[in-house]
Amino acid sequence: MPSTTVNGRHILKQHATGYPIPGTTTVYDTSERLDLDNVALNGGVLAKLVILSIDPYLLHSVSPGSPMEQAAETCSSEAYGSDRINGMGIVKVVRSEDPAYKVGEYFTSSLSRARLTSSSDHQEYSVFSKEQLSSLQHLKPENGLPLSVYLGAAGAGARSRFIPSLFKMYQPCIPSGLTAFAGWEEFSNAKKGDTVFVSTAAGAVGSIVVQLAQNQGLKIIGSAGSDDKVKYLKQLGVDVAFNYKTTDTREALEKDGPVDIYWDNVGRDTLDAAVENATSGARVIICGAMSSYNGETTAGVKNLIHVTFKSIVLYGLSYFDIAHKHDAKFKETVIPKLADGTFKYLEDRKFGLDKAPQAILDVQNGANFGKSVIVVGDE
Ligand SMILES: NC(=O)c1ccc[n+]([C@@H]2O[C@H](COP(=O)([O-])OP(=O)(O)OC[C@H]3O[C@@H](n4cnc5c(N)ncnc54)[C@H](OP(=O)(O)O)[C@@H]3O)[C@@H](O)[C@H]2O)c1
């Protein structure tokens, strides 16, 4: 009788409308068992999940019809006929039938719709068949940074421009570090004396943007959703940090603006307030829209006429389009700064895949403090 191991999985139980409900929308499931020594590899590898990244975009996996899911066009029928949830993770090879993938080596693993029927990134063990190995990127931890940071602040690895038509098959990793760096390099056009406003400034992407702006000596205004996060922003050296839940963003920008660059992670009212308080020729980098992903509100952006009269330029930041151009410079310049402590990073670490349902909600409602990761196995 072969011995089998529980292969814990984080699976979709019931689609959410709006925010997911931990334990109802998604659950931790222990019904699957795997014979680790004998499971067929078909020329591929058996890998163990070590770290799982919990990102805002996971909402589109569990909430069909949400604005996030509609924009990403990921509601492919095969995706929603499945209980699998996919995303970014770091896996360690346990068995291998391919010499290029050695036992003990680490790889970043990204969502691959092609694997939906056989395996998922949100499970403790996965078999990657020979054809599926392309969704793994070799990861050599360097500079003493913890592995998990390679899914967040030090996360990189864009090989080429991603072709949107392949989205339904493969979704590459979209780590926060390179998202921030690529967007900043590509669109900020930062000049000496500029004032920058960053929303969700204490978050995974926002906190790196803040430090890139700081590195250029710019004045920084940062908003966040709790006093603890505001305190952290002040520790980072943000010039004006405020809690947008207790201080009106418009008033804060009227007082400490106007802004030459706005990094938008939030959308709606915050975007309105920013364009109202932007300088002529300001750059607005639209990275995300946290305030509307759940689709619970219909309030929209009202002040775009300021874009016309002030010749403001709005940039839509799509990681898939620009990351590959900035990957090498990011690795040369930002990762060493993270390693030597010049750049700071915060992680919101949870332990055990059973924490995934709650972690998805936490990122949506701001209960996370730092880049959200789940430590699943030994690092
Ligand atoms: N364009 C791209 O290619 C790309 C790639 C990666 C990420 N992104 C986007 O970048 C943004 C930040 O992602 P992240 O991974 O760094 O997440 P994160 O900032 O670490 O976590 C999400 C944060 O959003 C904030 N938030 C939630 N609801 C909000 C609301 N109604 N109004 C204002 N803020 C709200 C919360 O912070 P507070 O406590 O401060 O409210 C929460 O902690 C997201 O919009 C994400 O979709 C875009």
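Structural notes, computed from the coordinates. (Residues numbered from 1 in each chain as written. Predicted model: local features only at pLDDT ≥ 70, side-chain atom pairs only at ≥ 80, totals over all residues. Heavy atoms only, no water.)

### Overview of the pairing of strand S10 (residues 195-198)
Here S10 shows no split at all, with Thr195 and Phe197 on one side and Val196 and Val198 on the other all buried. Inspection of the sheet shows S10 paired to strand S11 (residues 219-224) by four bridges, in the parallel sense. The partner of threonine 195 across the bridge, within S11, is lysine 219. Assessed by its sense of winding, the connection that carries the chain from S10 through helix H5 (residues 204-215) to S11 is right-handed. Inspection of the sheet shows S10 paired to strand S13 (residues 259-264) by three bridges, in the parallel sense. Looking at S13, one finds that valine 196 is bridged to isoleucine 261. (Buried < 20%, exposed > 50% of the residue type's maximum accessible area, 1.4 Å probe, protein only. Helix = DSSP H or I, 4+ residues; strand = E, 2+ residues; numbered from the N terminus. Pairing = 2+ DSSP bridges. Right-handed = clockwise from strand over helix to strand, strands pointing away.)

### Considerations on the pattern of salt bridges
Side chains carrying opposite charge are able to pair once their charged atoms draw close together. Across all of its chains, the model carries 16 salt bridges by this definition. With a closest N to O distance of 2.9 Å, aspartate 194 and arginine 283 form a salt bridge. Here the residue aspartate 194 occupies a position in the loop between helix H4 (176-187) and S10, and arginine 283 occupies one in strand S14 (residues 278-286), the gap between them amounting to 89 residues. Comparing aspartate 194 with arginine 283 shows no difference in burial state: the two are buried. Sharing partners across several salt bridges, the network here consists of Arg9, Asp29, Glu32 and Asp83. (Salt bridge = Lys/Arg side-chain N within 4 Å of Asp/Glu carboxyl O.)

### Side note on the site of the ligand
Taken together, 25 residues are adjacent to the ligand, and Lys229, Tyr244, Tyr293, Leu317 and Asn368 come closest. Contact distances for the ligand include 2.9 Å between an oxygen atom and a backbone N or O atom of glycine 225. Cysteine 287 has a polar backbone atom sitting 2.9 Å from a nitrogen atom of the ligand. Where the shell around the ligand is concerned, the elements lending two or more residues are H5 and helix H11 (356-365). Within the shell around the ligand, the residues separate by chemical class into 13 nonpolar, eleven polar and one charged. A domain split of the shell around the ligand shows at least three residues from each of domain 1 (5-152 + 345-375) and domain 2 (177-320). (Near = heavy atom within 4 Å. Polar contact = N/O pair within 3.5 Å; in protein donor to acceptor, adjacent residues only side chain to side chain. Nonpolar A, V, L, I, M, F, W, Y, C, P; charged D, E, K, R; others polar. Domains from an automatic or database assignment.)

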